[in-house]
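# Working through the structure, step by step
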Amino acid sequence: METTTDEEREAKIVELEAAAASEIEYVSYGGEHHLPLIMNLVDQELSEPYSIFTYRYFVYLWPQLSFLAFHKGKCVGTVVCKMGEHRNTFRGYIAMLVVLKPYRGRGIATELVTRSIKVMMESGCEEVTLEAEVTNKGALALYGRLGFIRAKRLFRYYLNGVDAFRLKLLFPRPELHSPQLTRATGDESGWHKDSRQTEENPFLL
Amino acid sequence: MAEKVGVEGDRDVKVPNLNPSSITSGEQTVWADVSPLLESACKDLQDGELVHGENFNLFAAMSALEIMDPKMDSGIVCRYYSVDEAIENGAAPVPLSFDKTIDVQCTIDIMDHLLACEATWHKGHSLAQTVYSCIYLQRPDRTSSHALLHSYCRVIRATCNSVVSVVSETRTHEEEDLFTMAYGLPLKGDGDEKNLSMLHAVEETISRQLRACKAPSSKKRLVEDVEPLQTNLDLEEGYCKSLLCRLRFRKHFYHVLTCMRRPQGRGLELARKHIASCLLELDSILKSAEFLGSNNACETSLDGIEGRTTASGRQPIGFDSTLNNRLAAPTPPRAIKILSWKKAVEYFQKLLHDLDIICSYSLDPLFEGVLRFVVEFQKFQPDLVARAHLQLLLLQEGKLYGRDPVFAMICKAAVLPEVTKSHDIQKNESVVQLVQLVISLLRILCTNAAWQRRKLGKIVQDWRVIYLQLELAFRKEFGEISSTSIDENVCIKISKHILNWVEEQTYWIASRFLMLGFELELYSPCEYCMVYWYIYVVLIKLAEKTHLKMLTSNEIAKRKGKKKRESLKDAARDYQIPPVVLLLQCQIYLAEGLTMMLAALRNEHKVFQSLGPFNTEHERFIQHFEFLQRACIPDHVSYLSFKESTNHARLSTIVVYNCFKDAQRIAKELRSSFSNDRDRMVELRQIEQVAEHNGVALNLVCRLGTLDPSLKVYFEFSHHPYFATAVVKRS
Ligand SMILES: CC(C)(COP(=O)(O)OP(=O)(O)OC[C@H]1O[C@@H](n2cnc3c(N)ncnc32)[C@H](O)[C@@H]1OP(=O)(O)O)[C@@H](O)C(=O)NCCC(=O)NCCS
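If you're wondering where the values come from, they're calculated on a predicted model, not measured in any experiment.

Calculation criteria
- Residues numbered from 1 in each chain as written.
- Chains lettered and ligands numbered in written order.
- Predicted model: local features only at pLDDT ≥ 70, side-chain atom pairs only at ≥ 80, totals over all residues.
- Heavy atoms only, no water.
- Helix = DSSP H or I, 4+ residues; strand = E, 2+ residues; numbered from the N terminus.
- Expected span 1.5 Å × (residues − 1).
- Buried < 20%, exposed > 50% of the residue type's maximum accessible area, 1.4 Å probe, protein only.
- Polar contact = N/O pair within 3.5 Å; in protein donor to acceptor, adjacent residues only side chain to side chain.
- Domains from an automatic or database assignment.
- Pairing = 2+ DSSP bridges.
- Axes fitted to C-alpha atoms, helices over the stretch in contact; angles between N-to-C directions.
- Contact = heavy atoms within 4.5 Å.
- Near = heavy atom within 4 Å.
- Areas by Shrake-Rupley, 256 points an atom, 1.4 Å probe, with all protein chains shown as cover.
- Nonpolar A, V, L, I, M, F, W, Y, C, P; charged D, E, K, R; others polar.

Another point: helix α17 (residues 429–445) of chain B. All names here are of chain B. The first and last C-alpha atoms of α17 sit 25 Å apart over 17 residues, in line with the 24 Å expected at 1.5 Å per residue. Turning to α17, its buried residues are Ser-430, Val-431, Leu-434, Val-435, Leu-437, Val-438, Ile-439, Leu-441, Leu-442, Ile-444 and Leu-445. The opening residue of α17 is Asn-428, an N-cap whose side-chain oxygen sits 2.7 Å from the backbone nitrogen of Ser-430.

Right, dumping it as structure tokens:
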């Protein structure tokens, strides 16, 4: 693993962001007319099949957490999220993140998730989570730079048999609680394969 | 369509107004044809509208299935509606062909495809979609006129049955829940217990046929009464051989499973013999591909050579994976990819090697020995079936190997005085719980690495709690005794030793938890510094507890020795640090060296920093070590202490006090102590290599680092699975 210094990286982000910002327009989810755009992007790029009800669940309940990126009127990227109480923590969850292939590597995804995460933080979330395939180097690098850690590995999580990482971003807390002897709240929830009974599973049957 | 919805069971279309209090179906639910309702609903609803109800919100809507969408509708009729319909349509004829040669060919294809299915099942798919996609298995009686196919199907069923029961008994499948789901499948056919004698009879017949066709023509007369297997005499030998190795493989494999289930590991030796036979037969099976493939002039499989599921390359007759969709699992139906025949054979070879490791285990009565064996075994990344068999061996009827009571094992491990085994203390509630924790620990160590780490993170807290409980319990129990009884000395000893041992195990679990994070790739390079630091503080504690335990065991030995008037040399040896502790010391040096090197690189070269827009390194620390911090493992360790010990790290100072050199030196010296222990010799060698490389890298960076800004450092796991090797390169 190459280690560019963090200053170098910082500079690069600024530069990329500037370039991207000049031509890419970011929009918060604005209604049913955005739905086909989102569905189209996700269907193209993610392996899991989602029904229209899955999309509606997210964008109707948390429209403020979904964003779309447009380039000259064309939708080239999107992020879809939710938030809610989960085992005594208020947490955000990034459900889908996609950028069209020709538009990758310009910081669009970073900008999209950053916007969602900011809203989550302002809404009082304590942490943000998501799952990503262990082989998805791009997504893992992106989230790693945003401060996500790989909290656990989920064995054969996806139906294609690939393991996933549960990624977590913890927001700073004003008073950091002293360590106590309580059982940590482990959570195996997710919504692709396992934990059929958890609230996060849109395939709940 | 209406009928189909009915068959679907209770997990599809939800009609909210049928039962307003709940949307799950129960005894009062009536199945109704929803087609007219849906039709009129279609007209009523505009784009973007959704039915809302008290019990039907957006979240519930997600569970709706899109009827006739093949990705979601598991009730969708693919080819056949039922097994019977498939059979009526001639999908699984008996015999497979009236041409005997083709019948044999097709039977071999079925055998091969079943092997591929079985491997796919072991690898985590449902039985229904793999092995039981075979229509012949679904109707056990239909094949009875076809001895070859019938006996093969029987042994397959019996084998699946045996594997399912081992895996469900050991509950290792918790992490891979599809495995034991056999609902609605005929896992037991009448007379399957006799499967081996049938198989044997068929094998006998074919061996005779093989002998007959190989006999020189002069002797042919003598064996003339043997009817050949099939009609093309040029191919007789090839087909006989191909069948024999397949049948024999099944026979030996079934024996392996049966032997391994014998109580107290009594069948292990015999199992090894059968494993060796299995591997030989697998070789023959592989070799048969040349013959079988060359007789396949007509058609080749669409999947290409690598994807094919039979040795011949033909598609097998009698399989339909969509038939069981409705039994598959409570998830939407997915087409699964069956492993190729080649991959399946490789899977079984690996499985058999893993089982062989288990069978060659010496049933070490010492707890540390058990732990080390399991950890070494897990390095081979064994699959579920092998891990289940390991657990079955370790724990039977709540005893180690079904033989040694767990409390007795703890007594030995914790170097307790002999009297303890019969002491009333084992009736103490906390001690009973401790026994349970030891059993849980062994179970967890047999699960896959991802699951194991999560469970270790939780159980480590239970170990901490039990320590506190034991401490309290001992104080109460022995506090009362001590005022009056002469037992006092013994009691204090027991409590001290048990407590020390519990702590030792707690730190061992913590270290395994941390190290598994590397194997699972949970750490990013900017987190290595804090991870090695944590490993360092945990290992110090572990070494301390282990050393204390060994000192007491030495004391006991010394006392015994004194009686025998042992020489002075022994006294000198007492002061030496035991090799096991020194090995830990090596690892401590490595962890310390890596921590400091990473900290210095970060302090001076501004690399490996974790700067994110939303949080800081502190949050990463909290998240990674949450489980350990909550349990105070070790005491008084926090992010603050991490920062204090690393903030001032400078390359110039750590080069002088070079931990890597110490690690290397001790590792070299230790070689003689472990010369009979292969695993530890490997570990020592790896430690030496990491230490040597890192020592060199450290010097290099220190000398050139500031002069040459193009110098880059990164870390690899090329020599040791957990201890990284630094690589310095000019970019
Ligand atoms: C993951 C994805 C959304 C990234 O989109 P993107 O707009 O290219 O991402 P960004 O430009 O914001 O990338 C930011 C950083 O992420 C990392 N990154 C992104 N793609 C990467 C790749 N293919 N390889 C390595 N790092 C990558 C880099 O660190 C990059 O920063 P850099 O360009 O300064 O090195 C996009 O690749 C995608 O749509 N993939 C398919 C869908 C998917 O996997 N979604 C995530 C599901 S969890």
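By a widespread convention, an interface's size corresponds to the accessible area lost as its parts come together. Its domain assignment divides chain B into domain 1 (87–355) and domain 2 (574–731). Placing a centre on the C-alpha atoms of domain 1 of chain B and another on those of domain 2 of chain B gives a separation of 51 Å.

Before going further, it helps to spend a moment on helix α4 (residues 108–122) of chain A. Residues and elements named next belong to chain A. Between its terminal C-alpha atoms α4 stretches 21 Å, which fits the 21 Å expected from 15 residues at 1.5 Å a residue. With eleven of its 15 residues buried, α4 lies for the most part within the structure. Of the positions making up α4, those classed as buried are Ile-108, Ala-109, Thr-110, Glu-111, Leu-112, Val-113, Thr-114, Ser-116, Ile-117, Val-119 and Met-120. One or two steps after α4, the chain reaches Gly-124, where phi turns positive at roughly 95°.

This part takes up the sheet that holds strand β3 (residues 74–86) of chain A. All names here are of chain A. Read from one edge to the other, the open sheet built from seven strands follows the order β1-β2-β3-β4-β5-β7-β6, with strand pairing classed as mixed. Looking at the sheet topology across the chains shown, the edges are occupied by β1 (24–28) and β6 (149–154). Strand-to-strand twist of the sheet, defined as the mean angle between neighbouring strand axes without regard to direction, takes the value 25°. Pairing geometry for strand β2 (residues 67–71) and β3, over five bridges, is antiparallel. Bridge assignment links Phe-70 to a residue of β3, and that residue is Cys-75. Across the face of the sheet, helix α2 (residues 35–45) comes into contact with β2, β3 and β4 (89–99) while running at roughly 90° to β3. Lying over the sheet, α4 contacts β1, β2, β3, β4, β5 (127–133) and β7 (164–170), oriented at roughly 160° with respect to β4.

Below, the discussion takes up the site of the ligand. All names here are of chain A. What surrounds the ligand is a group of 19 residues, the closest being Leu-97, Gly-105, Gly-107, Thr-110 and Asn-136. A distance of 3.3 Å separates an oxygen atom of the ligand from a polar side-chain atom of Arg-104. In this structure, an oxygen atom belonging to the ligand sits 2.5 Å away from a side-chain N or O atom of Thr-110. When isolated, the ligand has an accessible area of 910 Å², and the protein chains bury 75% of it. At the level of secondary structure, the elements contributing two or more residues to the shell around the ligand comprise β4, α4, β5 and α5 (137–145). Top contributing element to the shell around the ligand by residue count: α5, with five residues. Across the shell around the ligand, the residue classes break down as ten nonpolar, five polar and four charged.

A word on unusual backbone geometry. Residue and element names in this part refer to chain B. The omega torsion across Val-94 and Pro-95 is -10°, close enough to zero to call that bond cis. Its place among the elements puts Pro-95 in the loop between α4 (83–88) and α5 (100–122). For the bond from Ile-633 to Pro-634, the omega torsion is -20°, close enough to zero to count as cis. Here Pro-634 is to be found in the loop between α24 (626–630) and α25 (639–646). At Gln-264, a residue that is not glycine, the phi angle is positive and equals roughly 60°. Within the secondary structure layout, Gln-264 lies in the loop between α9 (236–261) and α10 (268–294). On the accessibility criterion, Gln-264 (28% relative accessible area) is partly exposed. Even without a glycine there, the phi angle at Glu-397 is positive, about 50°. With respect to the secondary-structure elements, Glu-397 resides in the loop between β1 (395–396) and β2 (399–400).

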